[in-house]
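Reading the structure
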Amino acid sequence: MPEEAAAPPHRPMRADARRNAAKITAAAEALVSEQGADVSLEEVARRANVGSATLHRHFPSRRALLEAVFRERVAALCATADGLLAEPDAGRALTAWLRAVATHAVTNRGLGTALTHDGSTEFGESCHAMITAAGDALLARARAAGAVRPGVTTVRLLKLVGAIALATERDTDGPAEAEALLAIALDGVRAR
């Protein structure tokens, strides 16, 4: 029986290819924040100062590019939560993270919906699980410090922040309006 051919060894990406991928992702992230998830891929390539073929070589589909943008944003949000675990005031740490979640949600401008519109939910569920786990750690500290009222859960907080982001998504100054509404909502979350 003939031996199966071994897969060629995986070569690391060249430095210029890594730079191009990073430029494309950064351009896509900025354009999604400005225009929403249905931004033109040609515009992304123009903003990144690369050709369309280069964009498609790194991201063979719109979904692949949007997932890369969303994955980076989720990783940054989770890193923010990890950093806030060192904040001495557990209530302040949770509030700061929820503000970061609101900013994350407002700047996504339909990105989550675009990634789940075709019925596939695995990617979205994975990201949601990461965000929830990050929030759980902060909420546990806030709960132990008596900084939040009973019945508050991470999932409820995320729904609240998501609803605020959705309500302000089309506002001229969505982030500022989201911040104002979040301040009102967080007052109701605090322990009395």
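Given the structure is predicted, the values throughout are model-derived calculations rather than measurements. (Residues numbered from 1 in each chain as written. Predicted model: local features only at pLDDT ≥ 70, side-chain atom pairs only at ≥ 80, totals over all residues. Heavy atoms only, no water.)

**Brief notes about the overall build of the protein**
Put simply, the test is: Counting from the N terminus, the helices are DSSP H or I runs at least four residues long and the strands are E runs at least two residues long. Accessibility here uses a 1.4 Å probe with only protein chains present; expressed as a share of the type maximum, an area under 20% marks a residue as buried, one over 50% as exposed, and anything in between as partly exposed. We call two residues in contact whenever any of their non-hydrogen atoms come within 4.5 Å of each other. Here the accessible surface of atoms and residues is derived via Shrake-Rupley with a 1.4 Å probe, and residues count as covered only by protein chains that are part of the display.
The number of helices and strands found in the protein is 9 helices and 0 strands. Starting at the N terminus and walking to the C terminus, you meet the elements of the protein as α-α-α-α-α-α-α-α-α. Every one of the 192 residues in the protein was classed for burial, and the buried ones make up 36%. A separation threshold of at least 6 residues defines the contact pool for the protein, and within that pool the share at least 24 residues apart is 71%. Element-wise, carbon and sulfur atoms account for 57% of the exposed surface of the protein, whose accessible area totals about 11000 Å².

**A short note on helix H7 (residues 122-144)**
Spelled out, the test is: For a helix, the expected span equals 1.5 Å multiplied by the number of residues minus one.
Taking 1.5 Å per residue, 23 residues should reach 33 Å; H7 reaches 33 Å between its end C-alpha atoms and fits that length. Listing the buried residues of H7 in full gives Phe123, Cys127, Ile131, Thr132, Ala134, Gly135, Leu138, Leu139 and Ala142. Looking one or two residues beyond H7, the residue adopting positive phi is Gly146, at roughly 75 degrees.

**Points about the side chain of Thr168**
Summarising the element assignment, Thr168 is placed in helix H8 (residues 154-168). Not counting the four nearest positions on each side in its chain, Thr168 is found in contact with Val106, Gly174, Glu177, Ala178 and Leu181.

**Considerations on the state of the cysteines**
Under the convention used in this document: The disulfide criterion used throughout: a pair of cysteine sulfur atoms within 2.5 Å.
Evaluated as defined, the whole model comprises 0 disulfides. Take Cys78: it sits in no disulfide, and the sulfur closest to it among the cysteines is that of Cys127, at 8.5 Å.

**A few points about the packing of helix H1 (residues 15-35) against helix H4 (residues 62-84)**
Axes are the key here: two packed helices are described by the angle between their axes and the distance separating the axes. Applicable threshold: Angles run from 0 to 180 degrees between N-to-C directions of axes, and those axes are lines fitted to C-alpha atoms, restricted for helices to the stretch in contact. Relative orientations are named as follows: roughly parallel for angles under 35 degrees, roughly antiparallel for angles over 145 degrees, roughly perpendicular for angles from 65 to 115 degrees, and oblique for any other angle. Under the scheme applied here, ten amino acids are nonpolar (Ala, Val, Leu, Ile, Met, Phe, Trp, Tyr, Cys and Pro), four are charged (Asp, Glu, Lys and Arg), and all others, including Gly, are polar.
The interhelical angle for the contact between H1 and H4, taken along N-to-C directions, is 85 degrees, at an axis separation of 9 Å. On the basis of the axis angle, H1 is roughly perpendicular to H4. The residues of H4 that touch H1, namely those facing Ile24, Thr25, Ala28, Glu29, Val32 and Ser33, are Leu65, Leu66, Ala68, Val69, Glu72 and Arg73. Its residues assigned to classes, the contact of H1 with H4 comprises 7 nonpolar, 2 polar and 3 charged.

**As for the environment of Leu66**
By secondary structure assignment, the location of Leu66 is in helix H4. Once the C-alpha coordinates of Leu66 and Leu115 are considered, the two residues, 49 residues apart in sequence, prove to be 7.3 Å apart.

**Brief notes about the environment of Val152**
Looking at the element boundaries, Val152 is found in the loop between H7 and H8. Looking at Val152, the relative accessible area reads 10%, which means it is buried. Here the alpha-carbon distance between Val152 and Ala191, two residues 39 residues apart in the chain, equals 10.0 Å. Val152 has contacts with Leu139, Arg143, Leu157 and Val189, leaving out every residue within four places of it along the chain.

**Focus: helix H9 (residues 174-189)**
When the terminal C-alpha atoms of H9 are compared, their 22 Å separation across 16 residues agrees well with the 22 Å that a helix rising 1.5 Å per residue should span. Of all the positions in H9, only Gly174, Ala178, Leu182, Ala185, Leu186 and Val189 are classed as buried. On the buried face of H9, the contacting elements are helix H5 (90-108) and H8.

**Side note on unusual backbone geometry**
Look at Asn49: it is not a glycine, yet its phi comes out positive at around 60 degrees. For Asn49, the position within the fold is in the loop between helix H2 (41-48) and helix H3 (52-58).

**Re the nonpolar core**
The nonpolar side chains of soluble globular proteins are, as a tendency, buried together. For clarity, the cut-off: By nonpolar core is meant a set of buried Ala, Val, Leu, Ile, Met, Phe, Trp, Tyr and Cys residues that side-chain atoms within 4.5 Å join together.
Counting 53 residues, the largest nonpolar core has Ile24, Val44, Leu65, Leu94, Trp97 and Leu111 as its most contacted members. Mapped by element, the contributors of at least two residues to this core are H1, H2, H4, H5, helix H6 (111-116), H7, H8 and H9. Apart from the residues within four sequence positions on either side, Leu94 is in contact with Leu138, Leu139, Ala142, Val148 and Leu157.

What is shown is where atoms sit, not what they do.
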